[in-house]
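Chain by chain, the residues run as shown.
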Amino acid sequence: MAEKQEKNQELMDKITSLAKRRGFVYQGSEIYGGLAGTWDYGPLGVALKNNIKNLWWKKFVDDRTDMFGVDAAILMSAKVWEASGHVAGFSDPMVECGKCKRRFRADHLVESKEDYEEIKSNVRNLSKGFIDSAKGKLNEVKNLVEPIEKSSLSNEEKGKIQDLIKPYIEKSYQEIESNLDEAETILKEVEASNKYLGLVTQIYLNHNILCPEKSCRAHGQWSIPREFNMMFKTQVGAMEDSSSVSYLRPETAQGMFVNFKNVVDSFHPKLPFGLAQIGKAFRNEITPRDFIFRVREFEQMEIEYFVREQDWEKEFEYWKDEMMEWIKDVGIDMNKTHDIEIAPEDRAHYSKRTVDFEFEYPFGQKELFGLAYRTDYDLSKHGLVYVDEETKTKLVPHVIEPSFGLDRALLAILVSAYSEDESGPETRVYLKFKPSVAPVICAVSPLLKNKPELVDKARLVFGQLKSVFGRVMWDDNGNIGKRYRRQDEIGTPYCITIDFDTLTDGTVTVRDRDTGAQERVHEKDLVAYISKQL
């Protein structure tokens, strides 16, 4: 296990290094020491992102007749986020290490659900024992408490549990007589409280998890989790009061919901139909990490597809297949992609069914995209209805939401494409991009840059290809071998070399990135040759 983790970390380091060295991704504000959770995309990163976005938009918007694109504002009225529940509930559990004072997301520190459930069971049994003890059921208390004594819960932790449930017992003591069913009622009320759940998490962390900070690694010094709202709050206008409060949007979805009525009034679409948007979202992550996977500023590609309630299951399966097809189309390794059915207790409050598409990143299997059945939650919260123009009846459509993270998609494509060829004297690194997503489709080079006749001819070929494909690079730096290696590292599928034979017979050398094989193609056939590969 340790050896595998070491190899995965080495792979991640190689990808991160290549991404910076070749101009895909840079650390945000790097010359001032960087800003955690922010990344800047360089020339090749921008090209790769745009190709991904264009393929997404073509498949899900341009090639369909039931989809309408929108581009909503990043800043919206605070009332939007109050209605959607984000102001009150868009938060993550945050814990602090008592030694180094670093803060982390509690749910990200839970490594084993089995260990967590064991602690939870122990705390529950002890809580029940205390409740029964207060009701005078001493015989049952003995049976319940004995296993706990053999566990690793400390007397201090048992005292915290006892202190937590005392008010519940005192509250009900005069109303409830000593009977097991009513003791269970008290216990359920205790278990539903945030304080109880926080205490369970604190005990689990103190028993099982060291502080992740390498310079700290403290044990047993975790705080009780507290909720941390992840929205970035700001002020709009010259006055700073409650009326000027706004937020950087934490998701693009609400921008589509609040424009539902506008699109319906403008285009009168029949159900089912969808709204699609690509745009930035912002979340004040407690612990941004894993390169561009978990960041504070990111880009989403989302669809809100409106259906009749009775059709949601059929539409859900349809969109699940569509998402899998697109994942394959952009070159994400299907062998590392898994669709995971999310259990009811782990779903968002608005979701009746959720499937996460997870990808095996070097740092673990994590969420790539998501598909959720949001029911009529959002439109109902905003007080929006749809009028069927044929029957003149009103209804609130239900929503299927395919959600794609652009940054996570780009990282999954980088991981899928990263390849090493060790057949030669030196390891050859290349990115096995599909031509449709590759930042550069082909590079054009003169065999020798000090021969004007070769340079002039190469410039002519370059110009012709550039006018057709756009994503064409000129490269005459270093010898031809170094050019090939450089183009391999940025994932260019084809390198075209103009040599002395070109001047006599009009053919050029086309080298394939993946195999290294070379063939002669007439310059007049280059456009058709590359178009066929695309």
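Use the structure listed above.
Here the structure is a predicted model, which is why all the values come from computation and not from measurement. (Residues numbered from 1 in each chain as written. Predicted model: local features only at pLDDT ≥ 70, side-chain atom pairs only at ≥ 80, totals over all residues. Heavy atoms only, no water.)

**Considering the packing of aromatic side chains**
How two aromatic rings sit relative to each other is given by the distance of their centres and the angle of their planes. Convention followed: When the centres of two rings from Phe, Tyr and Trp lie within 6.5 Å, Trp using its six-membered ring, the rings pair. Their planes under 30 degrees apart give stacked, over 60 give edge-to-face, and anything left gives tilted. By definition here, charges over rings are those cases where NZ of Lys or CZ of Arg is within 6 Å of the ring centre and within 35 degrees of the ring normal.
Evaluation of the coordinates by the stated rule reveals 30 aromatic pairs. Ring centres 6.2 Å apart and planes at 45 degrees place the aromatic pair W56 and W57 in the tilted group. One aromatic cluster is present, formed by W56, W57, F60, Y305, Y318, W319, W326, F369 and F404 through successive ring pairs. When the ring centre of F293 is taken as origin, the NZ or CZ atom of R408, which lies over that ring, is 3.8 Å away.

**Remarks on the side chain of S246**
Filter applied, for reference: Under the scheme used here, helices are H or I runs from DSSP no shorter than 4 residues and strands are E runs no shorter than 2 residues, and both carry numbers assigned from the N terminus. Note on exposure labels: buried denotes an accessible area under 20% of the residue type's maximum, exposed denotes more than 50%, and partly exposed covers the range between, all computed with a 1.4 Å probe on protein chains only. In this description, contact between two residues means that some pair of their heavy atoms is separated by no more than 4.5 Å.
In this structure, S246 sits in strand β9 (residues 245-248). S246 sits in the buried class, given a relative accessible area of 3%. Those residues in contact with S246, other than ones at most four positions away along the chain, are L75, M76, F232, K233, T234 and V236.

**Some remarks on the sheet that holds strand β6 (residues 103-105)**
Note the threshold: A pair of strands is treated as paired once DSSP finds two or more bridges between them. In this analysis an axis means a line fitted to C-alpha atoms, helices contributing only their contacting stretch, and an angle means the value between N-to-C directions, from 0 to 180 degrees.
An order of β6-β5-β7 is seen for the 3 strands of this open sheet, with the pairing classed as antiparallel. Edge positions in the sheet fall to β6 and β7 (226-229), since each has one partner strand and no second. The mean inter-strand angle of the sheet, taken between neighbouring strand axes irrespective of direction, is 50 degrees. Bridge count for strand β5 (residues 91-96) against β7 is 4 bridges, and the pairing is antiparallel. Paired with M94 across the bridge in β7 is R226.

**As for the packing of helix α2 (residues 43-62) against helix α15 (residues 406-417)**
Under the convention used in this document: The scheme is simple: roughly parallel for angles under 35 degrees, roughly antiparallel for over 145, roughly perpendicular for 65 to 115, oblique for anything else. For this scheme, ten residues count as nonpolar: Ala, Val, Leu, Ile, Met, Phe, Trp, Tyr, Cys and Pro. Four count as charged, namely Asp, Glu, Lys and Arg, and the remainder, Gly too, count as polar.
The interhelical angle for the contact between α2 and α15, taken along N-to-C directions, is 110 degrees, at an axis separation of 10 Å. By the criterion of interaxial angle, the relationship of α2 to α15 is roughly perpendicular. The segment α2 lies against α15, with G45, L48, K49, I52 and K53 engaging L406, D407, L410, I413 and L414. Its residues assigned to classes, the contact of α2 with α15 comprises 6 nonpolar, 1 polar and 3 charged.

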